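Architecture at a glance
What follows is each chain in one-letter form.
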Amino acid sequence: MSTFDALREQLLDAATAFSGGQDAPPSRTLSGILSGMVDDVDRMLREELEIFPVCHHSPASALAMTRRLRDKRPKVVYLELCEDLRPLLDELRNCRLPVALQAFATQLDGFPPGSGPLSVIAPVTEASAEYQAIAYALDTPGVEIVLVDRSVDHVFQWLPQETDGSAPQESGSIEDAQGEDVALHGDAVGVEIGDLRPRFAELEKHLLHHGKVRHWSEWWDQYVEQPLTGADYGTYRQAMALVGSLFRRLRPDGDGRLAVDEERERHMWTRIREHLATSGADPADCLYVCGAFHAVSTVAEFGLRSEAPPYEISPRTGTRWLYGLIPSSHSAIEAQFGLAQGSVSIAAATWAKAVKRGGVTPHRLKGQQDGRGKRTGKPAKAATAASPVAEPAADRLSGFLATPPALDGLDEDELRGWCVDIVRLARRNGYLASTADAIAVFETSILLAGLRGRARPTPYDFADAAVTCIEKDVVPGRRDVRRLCEILLGGDKIGMVGYEALPPLARDVYDRLEPLGLDLTRRTQQRVLLDLKADPELEPCSDLLWTLRHLLPDGAIRPIMGARRLGERPIQESWDVALGRHQREIIELGYEGVTVEQVLEQRLRRTAWDPQATAGVALAAVEDAILYLGGRRLAGELGARAVELLAAERTVDDAPEVLRRIRRLLTYYRASEPELPAWCEDFVTAGYAHYCTLLPTAFADDDTGVRQVGAMLGFLFTLESLALSLGCDRAQLELAVRQSHPRAPAKVALLWAAQTQLGLLTREELRARCDELLANPLVVPAYPLYVSGFVQALEPVPGLAPFVVEALSKAFARLPDPVLLPWLPTLITTLRRHAPELVPVLVREAGRTFPGALAELDAWTPPWERPAAPAHGARAAATPSGPVSALLTRHPQACDAMAALLGCTAEWGSIEGENGEAAALLARHPATTGAVAALLRL
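Residues numbered from 1 in each chain as written. Predicted model: local features only at pLDDT ≥ 70, side-chain atom pairs only at ≥ 80, totals over all residues. Heavy atoms only, no water.

**Notes on the overall build of the protein**
A count of helical and extended segments in the protein gives 39 helices and 15 strands. Across the 938 residues that make up the protein, the buried fraction comes to 50%. The long-range fraction of contacts in the protein, counting pairs at least 24 apart against all pairs at least 6 apart in sequence, stands at 77%. Total accessible area on the protein stands at roughly 44600 Å², and carbon and sulfur atoms take up 55% of it. (Helix = DSSP H or I, 4+ residues; strand = E, 2+ residues; numbered from the N terminus. Buried < 20%, exposed > 50% of the residue type's maximum accessible area, 1.4 Å probe, protein only. Contact = heavy atoms within 4.5 Å. Areas by Shrake-Rupley, 256 points an atom, 1.4 Å probe, with all protein chains shown as cover.)

This is how it looks when you write it as structure tokens:
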């Protein structure tokens with residue numbers, strides 16, 4: 001006779017009555033499902049190795065685990081957790097929970113390119129069965145804990161097989177979560193013990209509807225957690241296994257995750273048998289802790305007496321994994337695994353209340369910090385060899401399922417305290433709440449509990465009542481009433497990794513910032529002032545802060561006063577530091593190197609040698625290397641890489657960025673170094689030849705913008721003197737300009753400006769061409785495009801500023817309104833977005849051109865409309881005068897030899913009558929000449 005024969009008969013009779021004899025596969029009929037569930041529980045109880053089914057972050061599981069560990073005192077604990085995370089468990093005593101075990105990999109070997117970095121996290125909270133097992137095993141002499149789940153490498157090997165790589169999302173779980181604490185896990189893949197949730201959407205919807213709850217976490221708390229919190233161990237174990245079997249059998253057809261779950265179960269049972277064979281441990285002294293879903297596994301490898309062929313575990317890839325601990329929080333766990341907002345905080349509050357009421361002493365790692373930062377815990381006694389308490393194989397499910405749970409009645413004092421506290425919190429956060437609202441919340445909570453068939457209001461009922469009675473149309477602050485209820489019922493507890501458990505890089509950062517006197521464990525923002533002139537010893541701290549600002553995300557470190565630019569060193573700096581809030585990012589930096597300088601150097605190299613890198617990206621890396629690392633070695637390597645990238649580019653999309661950065665770098669080196677680095681000279685010569693070659697194509701290509709062509713010309717003209725001194729040929733530029741034949745009006749204007757700079761087009765000819773454009777009614781609508789091209793030409797030809805002001809003035813004076821008005825927004829946005837550095841040039845030139853007072857405007861005539869001044873001194877130019885010309889005339893041999901060398905022929909003029917008008921002026925006023933002569937005699 002089986003232990004559950006009576007229960008099986010009852011369930012089969014009920015199935016026959018409800019199903020009506022519908023045709024279906026035996027395993028999918030109601031009678032088959034119910035009978036199979038009983039068989040699953042029976043098979044688990046008959047297993048020689050005691051299996052402890054759990055649910056993640058379940059207070060009921062944690063309480064049952066605590067009681068069972070004190071009764072059984074096992075010597076070996078097998079835990080469903082990634083086997084290669086075992087070394088991290090010893091570091092938990094240096095942390096403040098909740099924290100997460102993390103495996104991180106950036107250098108991948110065996111995974112698809114571009115899929116990194118890879119990260120896996122396993123959060124640990126105090127109100128969880130796994131933490132109780134870990135604390136017991138680590139602090140009890142003679143007890144061994146063995147992790148038996150797949151490695152983190154296998155997590156990603158098997159991840160593509162899963163149909164859904166993330167946890168199912170509950171309505172309002174992540175979308176409503178606010179604050180940066182939900183991002184503590186980043187984009188890591190989460191693993192947890194005991195994922196119990198229906199994988200059949202219709203089933204979950206049915207349970208939520210008939211349970212009169214809004215989300216799955218509330219249903220689980222109401223119908224599983226509360227009844228099992230006070231149940232004995234036998235009842236808890238059988239009921240949890242029954243729930244796991246229900247969700248396993250009521251899964252949708254073709255569920256891809258089931259194959260991955262079965263692979264994990266084969267892996268775990270294989271590792272258990274291997275450890276028992278090598279260690280010689282007695283299965284009666286062991287405990288296997290796994291999720292309730294896996295406790296009722298149907299794989300052939302299930303059990304110690306399995307006769308299935310040996311399961312071969314696939315090898316790991318060559319990826320090098322790095323391991324550590326990162327801070328976690330209740331909200332981060334909820335967002336990671338799709339739990340309802342506030343559910344983990346409510347579970348923690350339920351755990352604390354159950355521990356206090358039941359008189360249970362939970363396990364805590366010796367020396368671990370509590371929520372106030374104090375170290376607690378006492379060493380546990382050694383596991384004795386006394387025989388464990390044997391559990392009778394009795395049917396506990398029949399009585400548990402047939403008898404309604406004995407739930408606590410209404411605790412008016414507790415509910416009244418909640419109502420008063422929520423009103424106080426609401427008033428602090430800007431709500432106009434009063435005592436009447438507290439009374440309304442109290443009555444509404446009781447009403448909601450009654451409507452939902454509950455003996456006492458749950459925290460979920462209380463939160464719904466508070467939102468209904470207190471929250472109005474708008475939220476006055478950044479916290480809504482539901483968030484205030486979470487704070488009241490336990491808050492979003494945030495963990496912290498202790499100094500001893502940090503990687504070397506994080507400890508190095510903490511040590512180097514110690515002179516600032518900051519408490520880097522605080523999650524609040526701290527202000528620090530650095531007077532580098534009075535305290536030069538703080539300069540290393542300043543360098544480290546700038547480097548961290550470059551590596552960490554926005555908000556971790558923010559400069560208030562002071563800036564770091566090429567060639568500049570501030571004498572005072574002010575910072576807002578919030579490193580305690582971004583401890584995860586600092587820890588993950590430790591996976592990349594030993595110091596922040598090493599991490600920065602590696603990142604700059606990866607950036608410059610990335611397949612998608614451009615010359616502008618490499619120049620940015622050079623600038624960062626100078627600013628944050630100093631020295632010339634790395635900058636030289638990155639600069640040489642920039643030369644290679646520039647020579648290999650086939651487009652000029654990056655030309656504006658290249659011009660801006662190379663100008664800045666050349667200015668820095670000229671001011672701080674005795675000579676330019678070799679890579680700068682190579683970059684200028686390569687860029688000169690490169691842009692000369694691409695210039696005709698860029699002018700003709702419609703996909704190349706005016707800004708890019710202007711930047712090319714800016715590089716060629718502004719760096720021309722340096723390029724020519726390094727051996728470049730100016731004829732190459734002239735040929736490139738002559739071969740350019742643009743069609744777009746803006747590019748035509750750029751070409752005219754280039755021709756003017758090269759002397760191929762005079763300023764008068766350029767003005768005449770523009771006047772012809774304004775005089776042609778067919779071209780007038782396109783004239784603003786020509787003006788836009790002239791504006792872009794200010795970068796390569798800054799001497800063209802007076803003419804650009806003239807062109808703009810003529811456009812505003814002569815263009816008709818239908819052409820002028822639509823062009824104005826385009827001109828303004830172009831100047832703001834593409835050429836902000838050119839606006840001061842235009843404004844300065846306009847200030848020199850236009851009158852400074854309004855009264856002068858009526859009588860003012862533009863310079864380009866004034867009559868040309870007559871040519872003066874034509875004869876004086878043809879006939880040199882003065883002492884130099886007289887000396888050359890008296891000794892013509894040198895000039896004749898030079899003229900013969902140059903192939904010039906000319907006749908010498910007469911010096912008679914030289915000084916012309918000046919001589920006549922001095923003759924009329926001899927007193928001036930006498931005074932000067934008297935002064936010289938002195």
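More follows now that the structure is in view.
**Some words on helix α18 (residues 504-512)**
Considered for burial, the residues of α18 that qualify are Leu-505, Ala-506, Val-509 and Tyr-510. Buried residues along α18 cover an arc of 140° about the axis, so they all sit on one side. On its buried face, α18 sits against α19 (539-551), α20 (583-589) and α21 (596-608). (Arc of directions from axis to C-beta.)

**Focus on the sheet that holds strand β15 (residues 572-577)**
Consider a sheet: its strands pair through backbone hydrogen bonds, and that pairing is either parallel or antiparallel. The strand order across the open sheet built from three strands is β13-β15-β14, with neighbouring strands paired in antiparallel fashion. The open sheet has two edge strands, β13 (526-531) and β14 (557-561), and neither has a second partner. Looking at each pair of strands side by side, their axes are set apart by 25° on average, direction ignored. Packing of α19 onto the sheet brings it into contact with β13, β14 and β15, and relative to β15 it is tilted by some 50°. (Pairing = 2+ DSSP bridges. Axes fitted to C-alpha atoms, helices over the stretch in contact; angles between N-to-C directions.)

**Concerning the environment of Lys-205**
Among the structural elements, Lys-205 can be located in helix α6 (residues 201-211). When the C-alpha positions of Lys-205 and His-215 are compared, they lie 9.1 Å apart, and in sequence the two are 10 residues distant.

**Some thoughts on the confidence of the model for the protein**
Should pLDDT be low for a region, the predicted coordinates there are not to be read in detail. Of all residues in the protein, 82% attain a pLDDT of 70 or more, and the chain-wide mean is 80. The low-confidence segment residues 161-178 (pLDDT under 50) makes 39 contacts with residues lying over four places distant or belonging to another chain. Under a pLDDT of 50 for its full length, residues 385-390 has, in the predicted model, six contacts with residues more than four places off or in other chains. (pLDDT = per-residue confidence, 0-100.)

**As for the side chain of Ser-151**
Following the sequence through the fold, Ser-151 ends up in the loop between β6 (144-149) and α5 (152-158). You can call Ser-151 buried: its relative accessible area is 0%. If near-sequence neighbours (up to four positions away) are discounted, Ser-151 is found in contact with Cys-82, Glu-83, Asp-84 and Arg-316.

**Some points on the side chain of Arg-266**
Among the secondary structure elements, Arg-266 is positioned in helix α9 (residues 256-279). There is a polar contact of 3.1 Å between the side chain of Arg-266 and the side chain of Glu-263. Once you skip the residues sitting within four places of it in the chain, Arg-266 turns out to touch Val-299, Glu-301 and Tyr-311. (Polar contact = N/O pair within 3.5 Å; in protein donor to acceptor, adjacent residues only side chain to side chain.)

**Things to note about the nonpolar core**
Ranked by internal contacts, the top residues of the largest apolar core, which has 194 residues, are Leu-85, Leu-101 and Phe-683. Top contributing element to this core by residue count: helix α25 (residues 678-700), with 11 residues. When neighbours within four sequence positions are excluded, Leu-101 is seen to be in contact with Leu-81, Leu-85, Leu-88, Leu-89, Leu-92, Val-120, Ile-121, Ala-122, Val-124, Gly-324 and Leu-325. Counting 27 residues, the second largest nonpolar core, distinct from the first, contains Val-41, Leu-49, Tyr-78 and Val-296. (Core = buried A, V, L, I, M, F, W, Y, C linked by side-chain atoms within 4.5 Å.)

**With respect to the sheet that holds strand β1 (residues 50-54)**
Strand order across the open sheet formed by four strands is β1-β8-β2-β6, with parallel pairing between neighbours. Two strands lie at the open edges of the sheet, namely β1 and β6, each paired on one side alone. This sheet shows a mean twist of 30° between the axes of neighbouring strands, independent of strand direction. Where strand β2 (residues 76-82) lies against strand β8 (residues 286-291), four bridges are found, and the strand directions are parallel. Bridging across to β8, Tyr-78 finds its partner in Tyr-288.

**As for the environment of Gly-338**
Along the chain, the position of Gly-338 falls in the loop between α11 (330-337) and α12 (343-358). Between the C-alpha atoms of Gly-338 and Ser-217, which are 121 residues apart in sequence, the distance is 9.6 Å.

**Quick look at the packing of α25 against helix α26 (residues 706-718)**
In contact at an axis separation of 9 Å, α25 and α26 are set at 140° when each is read in the N-to-C sense. Judged by the inter-axis angle, α25 sits oblique to α26. Note that α25 runs across α26; the crossing there is left-handed. Here Phe-683, Val-684, Gly-687, Tyr-688, Tyr-691, Cys-692, Leu-694, Leu-695, Ala-698 and Phe-699 of α25 lie close against α26, whose contacting residues are Val-709, Met-712, Leu-713, Phe-715 and Leu-716. Taken together, the residues of the contact of α25 with α26 break down into 14 nonpolar, one polar and no charged. (Parallel < 35°, antiparallel > 145°, perpendicular 65-115°, else oblique. Left-handed = near helix turned anticlockwise from the far one by under 90°. Nonpolar A, V, L, I, M, F, W, Y, C, P; charged D, E, K, R; others polar.)

**Some details on the packing of aromatic side chains**
The final tally for this structure, using the stated rule, is 16 aromatic pairs. Arranged with centres 5.6 Å apart and planes meeting at 40°, the rings of Phe-52 and Tyr-236 form a pair that is tilted. Of this pair, Phe-52 sits in strand β1 while Tyr-236 sits in helix α8 (residues 233-249), and the two are 184 residues apart along the sequence. Accessibility classification places Phe-52 together with Tyr-236 in one group, the buried group. Summarising the aromatic geometry, the rings of Trp-752 and Tyr-786 are spaced 5.9 Å apart at their centres and angled 20° between planes, so their arrangement reads as stacked. On the criterion of sequence distance, the pair formed by Trp-752 in helix α29 (residues 745-758) and Tyr-786 in helix α31 (residues 783-792) is long-range, its members being 34 residues apart. (Phe/Tyr/Trp six-rings, centres within 6.5 Å; stacked < 30°, edge-to-face > 60°.)

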